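A look at the structure
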Amino acid sequence: MYLSCNKQEKQKVDGMVAKRCSRSIGLHTKGVTFRVLFFPLLLLSFSANRLGAASLQREHVRDSLYNVIRSNSPMDTSRILAEIDLAYQYRVSDADSCRHYALLALRKSEEQDFAKGVGRSINVLGLWHYNLNQYDSAAVYFRRSIDILANVPDNQGLALGKNNLGLVHELRGAPGEALESYFEALGLLEEIQDQANQSIVLNNIALLLIDLEEYDQAVEYLHRNLALDSLRGDCEGMYMGYNNLGIAYSKVQDIAQAQSHYRQALLKAEDCQSTYGQIMSHHNLGDLALRSGDRDLAAFHFGESLKASRKLEDRLPALYPLAGLTRVAIEMEQHRLALQYAKEGYNTAREWNLPKREIVFADLLYRTYKEMGRYADALRQLEVCNQLKDSLSRVEEAKSLSEINLRHSLAQMKQQEAIERAENEAKALQIEMMQLESRRMQALIAFLIIVLLLCVILGLYFYRTMRITRRKNKTIELQKAEIQRLNHYLENKVAERTRHLSRSNQKLREINFHNAHIVRAPLANILALVHLLKEDANLDSQSRKELIDALQDVAENLDRALHSVRSTLEEGEA
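Residues numbered from 1 in each chain as written. Predicted model: local features only at pLDDT ≥ 70, side-chain atom pairs only at ≥ 80, totals over all residues. Heavy atoms only, no water.

1. Quick look at helix α14 (residues 319-331)
Between its first and last C-alpha, α14 extends 19 Å over 13 residues, near the 18 Å set by a 1.5 Å rise per residue. Across the 13 residues that make up α14, a large majority, 11, are buried. Listed in full, the buried residues belonging to α14 are Leu319, Tyr320, Pro321, Leu322, Ala323, Gly324, Leu325, Thr326, Val328, Ala329 and Ile330. Looking at the buried positions of α14, the neighbouring elements they touch are α12 (275-292), α13 (295-310), α15 (335-351) and α16 (355-372). Glu333 sits one or two residues past α14 and shows a positive phi near 60 degrees. (Helix = DSSP H or I, 4+ residues; strand = E, 2+ residues; numbered from the N terminus. Expected span 1.5 Å × (residues − 1). Buried < 20%, exposed > 50% of the residue type's maximum accessible area, 1.4 Å probe, protein only. Contact = heavy atoms within 4.5 Å.)

As structure tokens, this is what we get:
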């Protein structure tokens, strides 16, 4: 989440060339890099000396964070984030408090399963190791933070971790990996439109490109950085941007552009009332003038830089203008003045136990004594310089050995962690396989239950279908029997009706016979007698009487014939 330096903070100088402090990313406060022509001028230390305005501002920030912590419950996530920010505020001035609040926030975050708090707490612990120059440990913490925050997701926290990891890569001599981390951080910040932190990462990319002698690209990124700072009205960021542009142009020997940007940086530092910015800008201008051969201008700017540094309680920033003034005085053959500046710088470096600075001023004293013709003093100073170099070499060797041992220990820790991780992964895989097997058994049991239920349902369905079929078959058989009975009955009825019709036909034939023979004969006689009566009107009464009697006899015969037919019909119906 944060890294090791801030615009108003001072870092301990550990040698002839002070260790560069790159711009870092924070949620509320951002850090910066101060690079001059060959070394950073803004010296950072763990002392309590600070500029008044910056100190008051940090105290105000801490008070605000304390208020947030007091006003919220211990398990509130806003309180956890406030504790993380407070740990960041203490990262340089009070390492113990930094670690205390970071661990406190980490513990609470783990209890609440608050992944964002876990990732950012681990990031601050990485800063704590970074400020102790434990870069391997810092890298481990930054990577853990990145892994956690990548799954939240927390793009801002992820970008902060990648930026910080890039700084570690850069300090460990891996510029390719550093650039990769910086560009990943920049992409995330552009996605969430975090301009303040974009400016920081752009600056880090540009400074690394300057180290890699890719000056054209460095200028491009510095202009982008300066545009963002101008858009946000960040005065301090602007004078740092102008200074870094001056560095880039001085590297390509564009003295006019370098001088122009250093002057703009000086104006911005004066606008911001930044003493450190004025010290740095004057020193850069002085160094540039000295390289150009303008000793008077160089002396003026080194003098202004020294004058500004005298305003601070901390004497460390005066070391660089003192070295510059000593060099100018040596070239201008002002040996007494050179001796005065060199001795002051040497004593200050010795007092603060800065062996690299001691070597610089011991070499300047050697050159001064040599120019003055004081060869015995020059020889003695040369011996002191050689002793310091030997001592520093031994310290560096011890430090290198310590770093190698630390890396070996970290490698063993990583190996152990890898083994434990492999074992955990194997256990997790075994558990997963067991869970998979359990799920398979459950699926199989569920499948068998479903199949059984289907079988039961199908069995019930077939049983019911068979019952219905049997019932229908029985009904059909009953219906068939009834139909057979009805058919038999109908056959009998038909046979009986046939017999009856045969009898009726026989009777009809008999009736027809009677009609044709028995009934027809009397009827014909009657018709004949009636015809005789009608035709023969001259019949006498006797003949008429005989005809009527004959007609009566024939009518009686006809009546008897009719009675016979009716009897025949009645017998046929019966």
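2. Considering the side chain of His283
By secondary structure assignment, the location of His283 is in helix α12. Residue classification places His283 among the buried residues on the basis of a relative accessible area of 1%. At 3.3 Å, the side chain of His283 forms a polar contact with the backbone oxygen of Tyr320. (Polar contact = N/O pair within 3.5 Å; in protein donor to acceptor, adjacent residues only side chain to side chain.)

3. Concerning helix α3 (residues 95-112)
Here α3 is 18 residues long and its end C-alpha atoms lie 26 Å apart, about the 26 Å a rise of 1.5 Å per residue gives. Among the residues of α3, Ser97, Cys98, Tyr101, Ala102, Ala105, Leu106, Lys108 and Ser109 are the ones counted as buried. Phi turns positive one or two residues past the end of α3, at Asp113, with a value near 55 degrees.

4. Some thoughts on the packing of aromatic side chains
Overall, the coordinates contain 4 aromatic pairs when judged by the stated rule. Here the aromatic rings of Tyr130 and Tyr135 are separated by 5.4 Å at their centres, their planes lie at 70 degrees, and the arrangement is edge-to-face. The exposure classification of Tyr130 matches that of Tyr135, with both residues buried. Centroid distance Tyr461 to Phe462: 5.7 Å. Interplanar angle 65 degrees. Geometry classified as edge-to-face. (Phe/Tyr/Trp six-rings, centres within 6.5 Å; stacked < 30°, edge-to-face > 60°.)

5. Section: the pattern of salt bridges
A side chain of one charge can pair with a side chain of the opposite charge if their charged atoms are brought near each other. All chains considered together, the criterion is met by 17 salt bridges. Between Glu83 and Lys108 there is a salt bridge, and its shortest N-O distance comes to 2.8 Å. In this pair, Glu83 sits in helix α2 (residues 77-89) while Lys108 sits in helix α3, placing the two residues 25 residues apart along the sequence. Both residues of the pair, Glu83 and Lys108, belong to the buried class. The partner of Lys307 in a salt bridge is Glu304, with the nearest N and O atoms 3.3 Å apart. A residue pair is termed a helical-turn pair when its members lie 3 or 4 positions apart in one helix, as Lys307 and Glu304 do in helix α13 at 3 residues. The network of salt bridges with common partners includes Arg79, Glu83 and Lys108. (Salt bridge = Lys/Arg side-chain N within 4 Å of Asp/Glu carboxyl O.)

6. Regarding the packing of α14 against α16
Relative orientation of the contacting elements α14 and α16 amounts to 20 degrees, with a least axis distance of 11 Å. In terms of orientation, α14 lies roughly parallel with respect to α16. For the element pair α14 and α16, the recorded crossing hand is left-handed. Side by side, α14 and α16 meet where Leu319, Tyr320, Leu322, Ala323, Thr326, Arg327 and Ile330 of the first sit next to Arg357, Phe361, Leu364, Arg367, Thr368 and Glu371 of the second. Along the lines of polarity and charge, the residues of the contact of α14 with α16 split into 7 nonpolar, 2 polar and 4 charged. (Axes fitted to C-alpha atoms, helices over the stretch in contact; angles between N-to-C directions. Parallel < 35°, antiparallel > 145°, perpendicular 65-115°, else oblique. Left-handed = near helix turned anticlockwise from the far one by under 90°. Nonpolar A, V, L, I, M, F, W, Y, C, P; charged D, E, K, R; others polar.)

7. Some points on the environment of Leu127
Positionally, Leu127 belongs in helix α4 (residues 115-131). In this structure, the C-alpha to C-alpha distance between Leu127 and Tyr141, residues 14 residues apart in sequence, is 8.6 Å.

8. Comments concerning the state of the cysteines
By definition, a disulfide links two cysteine residues through a covalent bond between their sulfur atoms. Summed over the entire model, instances satisfying the criterion amount to 1 disulfide. Note that Cys235 is cross-linked by a disulfide to Cys272, the S-S spacing being 1.8 Å. Between Cys235 and Cys272, the disulfide has an S-S torsion of -125 degrees and is therefore left-handed. Highlighted residues: Cys235 in helix α10 (residues 235-251) and Cys272 in helix α11 (residues 255-272), separated in sequence by 37 residues. (Disulfide = S-S within 2.5 Å.)

Keep in mind that these numbers describe shape and distance, not what the molecule does.
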